[in-house]
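The residues making up each chain are set out below.
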Amino acid sequence: RELPENAAQPLNLIAFDNQNRPSGGLFGETFLLWLKVNILTVHSACRKQGIGTQLMREAEQLTIARGCRYAYLDTMDYQAPAFYEHLGYTLSGRLPDWDSHGHAKLLFTKKL
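Residues numbered from 1 in each chain as written. Predicted model: local features only at pLDDT ≥ 70, side-chain atom pairs only at ≥ 80, totals over all residues. Heavy atoms only, no water.

1. Description of the packing of aromatic side chains
This is how it is decided: Only centres within 6.5 Å qualify two rings of Phe, Tyr or Trp (six-membered ring in Trp) as a pair; their planes then separate them into stacked at under 30 degrees, edge-to-face at over 60, and tilted for everything else. Relative accessibility thresholds used throughout: buried, under 20% of the residue-type maximum; exposed, over 50%; partly exposed, between the two (1.4 Å probe, protein chains only).
Taken as a whole and judged by the stated rule, the model has five aromatic pairs. A ring pair is formed by Y84 and Y89, whose centres lie 6.2 Å apart and whose planes are at 75°; its orientation type is edge-to-face. Y89 carries the same exposure label as Y84, and that label is buried. These aromatic residues form a ring-pair network of at least three members: F83, Y84, Y89 and F108.

The structure is reproduced here in structure tokens:
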């Protein structure tokens, strides 16, 4: 596991609009057989246009090309769980009251 060839590799994608302005981004890394999505964000004015879906699908394809077979991420229950379920992710864990205000952190996984 500690060998240099097993080191985590960054996977960062940026989406741009027609004016060449950033409209979204995905920041993650691959490690061994896994993609970890740390952040997926789409500018509020650009949501519901498929940008998040395109970023996730591109990340998954690049991950498969790196030899990975699985992906995981976490989100809050008030953020985007339905979005990830729509992309084929399965709820694998729940941490209740994660923020001490009653909101749960959800862990999602997917076999690629």
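2. With respect to the pairing of strand β6 (residues 105-111)
Selection criterion: Strands pair, by our definition, only if DSSP identifies at least two bridges between them. Strands here mean DSSP runs of E at least two residues long; helices mean DSSP runs of H or I at least four residues long; both are numbered from the N terminus.
Two elements, strand β4 (residues 70-76) and β6, share seven bridges in a ladder whose sense is antiparallel. Among the inter-strand pairings, L73 is bridged to a residue of β6, identified as F108.

3. Some thoughts on the side chain of T75
Our working rule: For this analysis, residues touch if any pair of their heavy atoms sits within 4.5 Å.
When you line up the elements, T75 lands in strand β4. By relative accessible area, T75 is classed as buried at 4%. Ignoring any residue separated from it by four or fewer positions in sequence, one finds T75 in contact with A80, P81, Y84, A104, K105, L106 and F108.

4. Things to note about the nonpolar core
Quick reminder of the rule: Here, the term nonpolar core denotes a set of buried Ala, Val, Leu, Ile, Met, Phe, Trp, Tyr and Cys residues that are joined through side-chain atoms within 4.5 Å.
Of all hydrophobic cores here, the largest spans 20 residues; its most connected members are L26, M56, L73 and Y89. If you list the elements that add at least two residues to this core, you get β1 (9-16), β3 (34-42), α1 (51-65), β4 and β6. No other element matches α1, which puts four residues into this core. Dropping the residues within four chain positions of it, Y89 is found in contact with M56, E60, A71, L73, Y84, F108, T109 and K110.

5. Here we look at the sheet that holds β6
The condition that has to hold: Comment: axis = line fitted to C-alpha atoms, over the contacting stretch for helices; angle = value between 0 and 180 degrees taken between N-to-C directions.
Read across the sheet, six strands follow the order β1-β2-β3-β4-β6-β5 without closing on themselves; strand pairing throughout is mixed. A single partner strand is all that each edge strand has here, and the edge strands are β1 and β5 (90-95). Sheet twist, expressed as the average angle between the axes of neighbouring strands with direction ignored, equals 25°. Seen against the sheet, α1 touches β1, β2 (22-31), β3, β4 and β6 and runs at an angle of roughly 150° to β1.

6. Overview of the pattern of salt bridges
Short version of the rule: What makes a salt bridge here is a side-chain nitrogen of Lys or Arg within 4 Å of a carboxyl oxygen of Asp or Glu, nothing more.
Here the structure, examined in full by the defined rule, presents three salt bridges. Its salt-bridge partner being D74, residue K105 comes within 3.1 Å of it at the nearest N-O pair. Separated by 31 residues along the polypeptide, K105 in strand β6 and D74 in strand β4 bring together distant segments of the chain.

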